[in-house]
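Read off the chains here:
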Amino acid sequence: MGRIFTNTPDILPTIEQDDLTNELIALLSSGGDARISLDQESGLNKYFSAPYPRRTLAYASSTANDVSPEAFTHLRGVLAAGLATYEAQLESLRARIRAAYDLSSDVEVVFAASGTDLEYVALAAVLGKAPGGIHNILLGADEVGSGCIHSAHGRYFAGETPFGVPTELGAPVEGFGIIELADVPVRDSEGRAHSSRQIADDIAQEIEQAHSAGLHPLVHVVHGSKTGLILPEPAELAMLAERFGDKVDFVVDACQARITIPALHEYLSRGAMVLLTGSKFMGGPPFNGFALVTRTMMRSAAPLPSGLASVFRRAEFPEGWAGRDQLPEGENPGLGLRYEASVFELERFQRLPIASVAALLDRFEAALVDEVVARLGLRLVRPYAFGAEEEPREHPIEMRTLATLDVSTLDATSGFDDAQRLHRDLALAGLRLGQPVKCVRRDGGWGGTLRIGMSMPQVVRLCDQSAEAAAASLHADMRTIADALAKAR
């Protein structure tokens, strides 16, 4: 397992700091790429989060979470009881994920060390469907994650795999063959979101170009970008599916996990693969992700590329996937525990009445607008195109858990780089918000933004309080955020 990590300067005092806690922290920060490593001085990873409960105020679920006290206590119990075999553990998690999302046994689950690694699963599912290779149509790379540019191209995105195998950044993963990548922008040069219809038209052109070149098109649908965009909308997706039939495949990037069960079922009913992570809205520790794949898509897949043996263990793919036996058997106990924490949070959230969640989100929005937006004279970056103000009514309710602030009017954060510096300084001072996103133009460059996002464990905790107590807590938190921004200004 490696060296036990013990430097946890801001761990909650209610957490027992014994050998079990040290072992758990070491495991939770293992079995991933370099992004998961903890700094020896701060005890934090590169996203300023940690795999243990901390004395922080965090609305950073759009980037990364600290583990909730409840999940950490649960994991201590799991570890103390002794870990099952990796295969048995993942089979149990598959069953729990299906139950939490009310999925049938016809939906398979593939596990990966991160949402970026899940891109390989999507490519593997459509490998060999056209003689020329794959035309991978990505939507708004700045809105989904920088590493995805490499993995969506069938290339390594880091200097090592989750198992410590050295790789060269940008080098091809053996066995994928030719993969062309198209990046369809979701915003114009001024940062305004394109309409769903325009996005669909751009996708259709890319599909036609792929067919002309003898390539199979794989279309990414964005369901919850870094700023909450959903593109293309269900109506345009249905139009594309009807127009091109089995000559195109769809993969839904729902890695933020801000998606309702009905929306999830609708995508799967269309034969699309859905990618989710447990480390964003779900509230689990970074990094862990899983793909939901219809059995029909799995059975039609070509054998897995040989290069995936350096990225995945056999148990992470379901039985019946061609080429699964070529993957090494091995285990990844740290990844298994990260899944355990995320699914624990998912199960708690799914037990909440939807009306209670909706009422809480009304209180969240009111506190945000009253204490931050109005007080500082800021603007919210809305997750829809100009002129589509009614569109949020069609969005899953979970999308309302994320807000993007345009802070470019503040002196300290007028530029994007300024906002990045403030984001880091606040995080190291105990206030964690979502990372800035390039979606606001100011003075010919990118203006500063910050994101405020709730997580499933936060929603569960607040829904357990009275309406008055939850509102008071939210207003107090938003005042703290506003005070920090005002002080920076």
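Look up a bit, the structure's there.
Values in this document were obtained by computation on a predicted structure and should not be read as measured data.

### What to know about the overall build of the chain
1) Next: Scanning the chain for helices and strands turns up 15 helices and 15 strands.
2) Next: Scaling as 2.2 N^0.38, a compact globule of 489 residues should have a C-alpha radius of gyration of about 23 Å, and the chain matches this with 22 Å.
3) Next: Across its three principal axes, the chain shows a C-alpha extent of roughly 60 × 55 × 40 Å.
4) Next: For the chain, with 489 residues in total, the buried portion stands at 60%.
5) Next: At a minimum sequence separation of 6, the contacts of the chain that also span at least 24 residues come to 73%.
6) Next: Only carbon and sulfur atoms are counted for the fraction: they give 49% of the accessible area of the chain, which is about 18600 Å².
7) Next: Computing the positive centroid from 45 side-chain charges and the negative centroid from 64, the chain places the two 3 Å apart.

### Some words on unusual backbone geometry
Among all residues save glycine, negative phi is the norm, and among peptide bonds the norm is trans.
1) Next: In this structure, Pro232 follows Leu231 across a cis peptide bond, with omega equal to -10°.
2) Next: The linkage connecting Pro286 with the following residue, Phe287, adopts the cis geometry, with an omega of 5°.
3) Next: In this fold, Phe287 is placed in the loop between β8 (273-277) and β9 (289-294).
4) Next: You will see that Asp102, though not glycine, has its phi angle at about 55°, which is positive.
5) Next: On the accessibility criterion, Asp102 (55% relative accessible area) is exposed.
6) Next: One non-glycine residue, Asp443, lies in positive phi territory at about 55°.
7) Next: If you trace the backbone, Asp443 turns up in the loop between β13 (441-442) and β14 (445-446).

### Some words on the pairing of strand β3 (residues 134-139)
1) Next: Of all six residues making up β3, six are buried, and the element is well covered by its neighbours.
2) Next: Every second residue of β3 is oriented toward a common face, with Ile134, Asn136 and Leu138 on one face and His135, Ile137 and Leu139 on the other, all of them buried.
3) Next: With six bridges joining them, β3 and strand β4 (residues 179-184) adopt parallel strand pairing. Each residue of the ladder has a partner; that of Leu139, found in β4, is Val184.
4) Next: One ladder, built from four bridges, connects β3 with strand β5 (residues 216-223); its direction is parallel. Looking at the pairing, Ile137 lines up with Val219 of β5.

### Topic: the pattern of salt bridges
Opposite charge on two side chains makes pairing possible when the charged atoms of those side chains draw close.
1) Next: This model, assessed by the stated rule, comprises 27 salt bridges.
2) Next: For the salt bridge of Arg379 with Asp406, the shortest nitrogen-to-oxygen distance reads 3.2 Å. With Arg379 in strand β10 (residues 379-381) and Asp406 in strand β11 (residues 402-406), this residue pair connects regions lying 27 residues apart in the sequence.
3) Next: With relative accessibility at 43%, the residue Arg379 sits in the partly exposed group.
4) Next: Here Arg442 ties to Asp443 by a salt bridge, and the two come within 3.9 Å at their closest N and O atoms.
5) Next: Overall, the relative accessible area of 76% leaves Asp443 in the exposed class.

### Some remarks on the packing of aromatic side chains
1) Next: For the coordinates displayed, the defined rule picks out seven aromatic pairs.
2) Next: These aromatic residues form a ring-pair network of at least three members: Tyr120, Phe157 and Phe176.
3) Next: A cation sits over an aromatic face here: Arg313 above Phe163, 3.4 Å from the ring centre.

### As for the state of the cysteines
1) Next: By the definition in use, this model includes zero disulfides.
2) Next: Sulfur of Cys255: no disulfide; nearest cysteine sulfur belongs to Cys148 and is 6.7 Å away.

### Details of the nonpolar core
1) Next: Ranked by internal contacts, the top residues of the largest apolar core, which has 90 residues, are Tyr59 and Leu292.
2) Next: Among the elements that line this core, the one with the most residues is helix α12 (residues 354-376), at nine residues.
3) Next: The next biggest cluster of nonpolar side chains, apart from the first, holds 36 residues, and it includes Ala125, Phe176, Leu275 and Leu327.

### Quick notes on the packing of helix α1 (residues 19-28) against helix α11 (residues 333-350)
1) Next: In contact at an axis separation of 7 Å, α1 and α11 are set at 100° when each is read in the N-to-C sense. Classified by the angle their axes make, α1 and α11 are roughly perpendicular. Across from Leu24, Leu27 and Leu28 in α1, the residues of α11 making contact are Pro333, Gly334, Leu337 and Arg338.
2) Next: The residue makeup of the contact of α1 with α11, split by class, is five nonpolar, one polar and one charged.

### Some details on the environment of Ala315
1) Next: By secondary structure assignment, the location of Ala315 is in the loop between α10 (295-299) and α11.
2) Next: Of the residues examined, Ala315 reaches a relative accessible area of 6% and is grouped as buried.
3) Next: Considered as a pair, Ala315 and Gln89 are 226 residues apart in the sequence and their alpha carbons are 9.3 Å apart.
4) Next: In contact with Ala315, other than residues within four places in its own chain, are Tyr86, Glu87, Leu90, Arg94 and Arg324.

What counts and what doesn't
- Residues numbered from 1 in each chain as written.
- Predicted model: local features only at pLDDT ≥ 70, side-chain atom pairs only at ≥ 80, totals over all residues.
- Heavy atoms only, no water.
- Helix = DSSP H or I, 4+ residues; strand = E, 2+ residues; numbered from the N terminus.
- Rg over C-alpha atoms; globule rule 2.2 N^0.38 Å.
- Buried < 20%, exposed > 50% of the residue type's maximum accessible area, 1.4 Å probe, protein only.
- Contact = heavy atoms within 4.5 Å.
- Areas by Shrake-Rupley, 256 points an atom, 1.4 Å probe, with all protein chains shown as cover.
- Lys, Arg positive; Asp, Glu negative; His and termini not counted.
- Charge placed at Lys NZ, Arg CZ, Asp CG, Glu CD.
- Pairing = 2+ DSSP bridges.
- Salt bridge = Lys/Arg side-chain N within 4 Å of Asp/Glu carboxyl O.
- Phe/Tyr/Trp six-rings, centres within 6.5 Å; stacked < 30°, edge-to-face > 60°.
- Lys NZ or Arg CZ within 6 Å of the ring centre and 35° of its normal.
- Disulfide = S-S within 2.5 Å.
- Core = buried A, V, L, I, M, F, W, Y, C linked by side-chain atoms within 4.5 Å.
- Axes fitted to C-alpha atoms, helices over the stretch in contact; angles between N-to-C directions.
- Parallel < 35°, antiparallel > 145°, perpendicular 65-115°, else oblique.
- Nonpolar A, V, L, I, M, F, W, Y, C, P; charged D, E, K, R; others polar.

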